[in-house]
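# Fold and geometry: a report
Below, each chain spelled out in residue letters.
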Amino acid sequence: MQEISNEIIISGKSIGFVPTMGFLHEGHLSLVKASKSENDITIVSIFVNPTQFGPNEDLSKYPRDFNRDESLLSENGVDYIFYPNVDEIYPNGFQTYVVQEKISSLLEGAIRPVHFRGVTTIVSILFNIVKPRRAYFGQKDAQQCAVLKRMVTDLCFDLEMHICPIVREPDGLAMSSRNVYLSLQERMDALVLSRSLNTAAGIIKSGERDCAKIKSEAMSILTQVPSASPDYFEIVDFDTFETVTTLNSKKSYFLLTACKIGKTRLIDNQLIHL
Ligand code: PAF
């Protein structure tokens, strides 16, 4: 992969890169589309990264289907698929990690302690191998985007980060590879995440600025569904990801939620510009 990337760069072409863990959906394909429209060559990686899963998380049962992914990517005009195995990325003796300090410790980071260290490490490795001009990530993982943007700035990675909008099912459920875990009933219950975000956004639109009030309305929606157990509903500053108590005009915020539906943990968010 490094040799291929070197040749592409020497020939004066730009590389757009979409890192994924496979089991692709329309959200991933929207990143591919953005990359293809802005770069000469598009490379997609498929790697279920073990270091970003905690000991009690879903690494072994994470959905995989390389053949399906491969045909989707070739139908969508991807130039190269980088599909390494775990030993190539983490050979015997591997002992170097990249840690983003502050944003990584909040929210998802507080609940999933090793998660962002795994993400920043693998994305650094992939950036060093693929050497993209532009890299594409989905806003669905808003905190991951904030962590990675900070890492790219702080460590002077010479590339542009492009964050693309969330792609939703027609009924509002944010697309995620983990949606496949949901039973029919849970699939319906999972709409509670987008419903809570829409309700909070509606309250804000009608003038509410007190975050405690907004969050408690959103939480009451999440807790109405018996299969749902919310981890959090938070309102954070767009850049720092710090929790805010009052909304100010001319600023941007993320409404964020993480909620278990049955055994499946889902996240969703909405960007608010005031
Ligand atoms: O968002 C994901 O699918 C993963 O966290 C990423 C960025 C591919 C790193 O493994």
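The following refers to the structure shown. (Residues numbered from 1 in each chain as written. Predicted model: local features only at pLDDT ≥ 70, side-chain atom pairs only at ≥ 80, totals over all residues. Heavy atoms only, no water.)

On to the overall build of the protein, then. Counting its secondary structure elements, the protein contains ten helices and eight strands. Expected size for 274 residues packed as a compact globule is a radius of gyration near 19 Å; at 19 Å, the protein falls within 12% of this value. Principal-axis analysis of the C-alpha atoms gives the protein an extent of 55 × 40 × 40 Å. The buried share of the protein, reckoned over its 274 residues, is 52%. Long-range contacts, defined as pairs at least 24 residues apart, comprise 71% of the intrachain contacts of the protein with a sequence gap of at least 6. If you sum the accessible surface of the protein, you get close to 13400 Å²; carbon and sulfur atoms cover 51% of it. Taken together, the 28 basic and 33 acidic charged side chains of the protein have centroids lying 5 Å from each other. (Helix = DSSP H or I, 4+ residues; strand = E, 2+ residues; numbered from the N terminus. Rg over C-alpha atoms; globule rule 2.2 N^0.38 Å. Buried < 20%, exposed > 50% of the residue type's maximum accessible area, 1.4 Å probe, protein only. Contact = heavy atoms within 4.5 Å. Areas by Shrake-Rupley, 256 points an atom, 1.4 Å probe, with all protein chains shown as cover. Lys, Arg positive; Asp, Glu negative; His and termini not counted. Charge placed at Lys NZ, Arg CZ, Asp CG, Glu CD.)

This brings us to the side chain of Q144. Looking at the element boundaries, Q144 is found in helix α7 (residues 142–154). The buried category is assigned to Q144, whose relative accessible area is 17%. Q144 has contacts with F116, V119 and F137, leaving out every residue within four places of it along the chain.

We now examine the sheet that holds strand β7 (residues 252–261). An order of β6-β7-β8 is seen for the three strands of this open sheet, with the pairing classed as antiparallel. Lying at the two open borders of the sheet, with one neighbouring strand each, are β6 (228–237) and β8 (264–273). Here the average twist between neighbouring strands, direction ignored, is 15°. Against the sheet, helix α10 (residues 211–222) makes contact with β6 and β7, and its axis sits at roughly 155° relative to β6, the strand it touches most. (Pairing = 2+ DSSP bridges. Axes fitted to C-alpha atoms, helices over the stretch in contact; angles between N-to-C directions.)

Summed over all chains, the structure comprises ten aromatic pairs. When the ring of F241 is compared with that of F254, the centres are 5.6 Å apart and the planes differ by 40°; the resulting orientation is tilted. Taken as a pair, F241 in the loop between β6 and β7 and F254 in strand β7 lie far apart in primary sequence, 13 residues in all. Each member of the pair F241 and F254 is classed as buried. Aromatic ring contacts, followed pair by pair, group F17, F127, F137 and F157 into a single cluster. The aromatic ring of F23 is capped on one face by R68, whose charged end is 5.2 Å from the ring centroid. (Phe/Tyr/Trp six-rings, centres within 6.5 Å; stacked < 30°, edge-to-face > 60°. Lys NZ or Arg CZ within 6 Å of the ring centre and 35° of its normal.)

What follows is about the site of the ligand. Around the ligand, the structure places P19, T20, M21, N49, Q52, V119, I122, F137, D141 and Q144. Q52 places a polar side-chain atom, nitrogen or oxygen, 2.6 Å from an oxygen atom of the ligand. In this structure, Q144 approaches the ligand through a side-chain N or O atom, which is 2.7 Å from an oxygen atom. Within the complex, the protein chains bury 88% of what would otherwise be the 290 Å² of accessible surface of the ligand. Looking at the shell around the ligand residue by residue, the class counts come to five nonpolar, four polar and one charged. (Near = heavy atom within 4 Å. Polar contact = N/O pair within 3.5 Å; in protein donor to acceptor, adjacent residues only side chain to side chain. Nonpolar A, V, L, I, M, F, W, Y, C, P; charged D, E, K, R; others polar.)

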